[in-house]
Amino acid sequence: MSKSRPRWLRSSTWFAVVCVLVAAPDLNADALSPGAGPGATSSGLSAAPSAALYSSLHVLVRLTPGLTPQASDPGQIVIDHGAIDALLATWDATRVEPVLCEPAQDRVLAEKYGLNRVYRMVLATPRDTAALAAQLRGVRGVERAEVEGLATLTATFPNDPFFSFLWGLHNTGQNGGKPDADIDAPEAWDIHTGGGPVTIAVLDTGAQTHPDLRLVPGWNVIDNNANTADGNGHGTHVSGTAGALGNNGIGVVGVNWDVGIMPVKVVSDGGYSTESYIAAGIIWAADHGARVESLSLGTYVGSDTLRDAVFYAHDRGVLLVASVGSNQPLGIAYPAKFPKCMAVSATDRYDGWASFNAYGPEMDVAAPGVEIYSTGRNSGYVYYSGTSMAVPFVSGLASLMWSYNSSLSNVQVEELIKKSADDLGSPGWDERFGWGRINAYGALLKADPRGDLNCDGLVNNFDIDPFVLALTDPAGYAQKFPNCDRMRADCNRDGQVDNFDIDPFVELLTP
């Protein structure tokens, strides 16, 4: 990229070849937007105030394709250096830095969304960044300039830690509540408890080392290093709901009993972030093996940069799951509001809609989110409530489905989660519950790989010939479908592939 880097990015004054500041200050509201307090209430962290939705220190700029620093290069687009230099001086910019931690691995997708050409202009003091973005849009060579939304953890309310039952997984009516107002986890675990190579990226405040979590290497986007320690507790809590180790004799259990948790620290210990940090984390996780990305956070600007990062990860086969947020006048928060990202609201132990939820036409599903007990800092356990707490139930379920049937696509996993949800609220889809509260048992039944002999994620007529081959010629089946398990033909679940599987296979073919 050095051949196409313009002078204003090469300058040691304005450019640092890092993902973000090496020693960034805490991303609190005061640092990012003047007059914006932390938004804390007696109920806990809330969304950023509506008067401070975007950063007063950052502007996001995307350069035109083929941009080079030399005006003499034939056939190349040239940036107006004079206009840029004048703006940098006028607006007191300290540096311009690439948004991504490293160049996106999928170059075709990265160019499709222009992600490797996006930079963050950082100002020394709070200014009217909307006005600066407007000026930058008129500069030759600047393809896009936009303000950057502030982001927070989505309505996390710490609660009393004495209630010890995980009602969201299995509700017997304990401490009040409505029996079976849960995700039917024990029934799902009768089919499958998890395991395999699936990884959930938790984009949050990091994750603390905990005896009930299996952490895999992640990344700190804010400080541009591998230190993903959680000084807040929020990221550790949601990690446990998705994937606390099961049947290990200690603590709690997650939806998936054995899944790698990849902490990607995009939120400060104070609970604040920006859209470009979230975008960089989304791309980093997608490029480093995450199958599911769990985002218990929200912003209300929805920059094109954040949208493009969501689309990039989705197009790479990742399922993104995010909370709807709690700022009801502004509707569902981003990234949940974007297409290609699941939007999740919270339910209580009565299968009721939590009053702190945002809602709107982008709603997908609901999950337990009130008084959720999970892993905490210092190897402990703690209660939280919020739309944040609902998200890991869905991301944990998605990982459970993939460890059960790895041939499913992200689109198929999302659709099966929606189709298997228990309908709540108005019949069918509605803007508060979406398609309903998730049901892990129903989702695993729909994700059952038996009968899918060509491993395309579907059971249909295209599986007939592979089924016959698996039944009559095991070696031939293994040669023709090397990445499929012949035991998918064991449709009567007796541990053998034989003629007794024919009738059950035909039943699976019948809608």
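A brief look at the structure comes next. As the structure is a prediction and not an experimental result, all values here were calculated from the model.

### Description of the nonpolar core
Formed by 49 residues in total, the largest nonpolar core has its most connected members in Val-264, Ile-282 and Tyr-312. Of all elements in the fold, only helix 4 (107-112), strand 6 (142-153), strand 8 (199-204), strand 10 (260-265), helix 8 (275-287), helix 9 (304-315) and strand 14 (319-323) reach the threshold of two or more residues within this core. Here this core gets nine residues from one element, more than from any other, and that element is helix 8. In this structure Tyr-312 touches Ala-104, Gln-105, Asp-106, Leu-109, Ala-110, Tyr-113, Leu-115, Ile-283, Ala-286 and Asp-287, once residues within four positions along its chain are discounted. Counting 48 residues, the second largest nonpolar core, distinct from the first, contains Val-198, Val-253, Ile-372 and Met-401.

### Comments concerning the pairing of strand 4 (residues 93-98)
Buried residues dominate strand 4, accounting for five of its six residues. Across five bridges, the pairing between strand 4 and strand 5 (residues 118-123) is antiparallel. The residue bridging Arg-95 from the neighbouring strand is Val-122, located in strand 5.

### Describing unusual backbone geometry
The omega torsion across Tyr-334 and Pro-335 is 5°, close enough to zero to call that bond cis. Within the secondary structure layout, Pro-335 lies in the loop between strand 14 and strand 15 (342-347). With a phi close to 60°, Asn-378 is a non-glycine residue in the positive phi region. Backbone geometry at Arg-493 places phi at a positive 60°, although glycine is not the residue there. Take Arg-493: its relative accessible area is 47%, and that puts it in the partly exposed class.

### Structural notes on the state of the cysteines
Taken as a whole, this structure holds one disulfide when the rule is applied. With a sulfur-sulfur separation of 2.0 Å, Cys-455 is cross-linked through a disulfide to Cys-484. In this pair, Cys-455 sits in the loop between helix 12 (440-446) and helix 13 (464-472) while Cys-484 sits in the loop between helix 14 (474-480) and helix 15 (502-509), placing the two residues 29 residues apart along the sequence. Cys-455 gets classed as buried once you look at its relative accessible area, which sits at 18%. What makes Cys-484 buried here is its relative accessible area of 14%.

### Quick word on the sheet that holds strand 16 (residues 365-368)
Strands sit in the order 9-10-8-12-14-15-16 across an open sheet of seven strands; the sheet is parallel. The open sheet has two edge strands with one neighbour each: strand 9 (219-220) and strand 16. Sheet analysis places strand 8 next to strand 10, joined by six bridges and oriented parallel. Looking at strand 10, one finds that Leu-203 is bridged to Val-264.

Rules behind the numbers
Residues numbered from 1 in each chain as written. Predicted model: local features only at pLDDT ≥ 70, side-chain atom pairs only at ≥ 80, totals over all residues. Heavy atoms only, no water. Core = buried A, V, L, I, M, F, W, Y, C linked by side-chain atoms within 4.5 Å. Buried < 20%, exposed > 50% of the residue type's maximum accessible area, 1.4 Å probe, protein only. Helix = DSSP H or I, 4+ residues; strand = E, 2+ residues; numbered from the N terminus. Contact = heavy atoms within 4.5 Å. Pairing = 2+ DSSP bridges. Disulfide = S-S within 2.5 Å.

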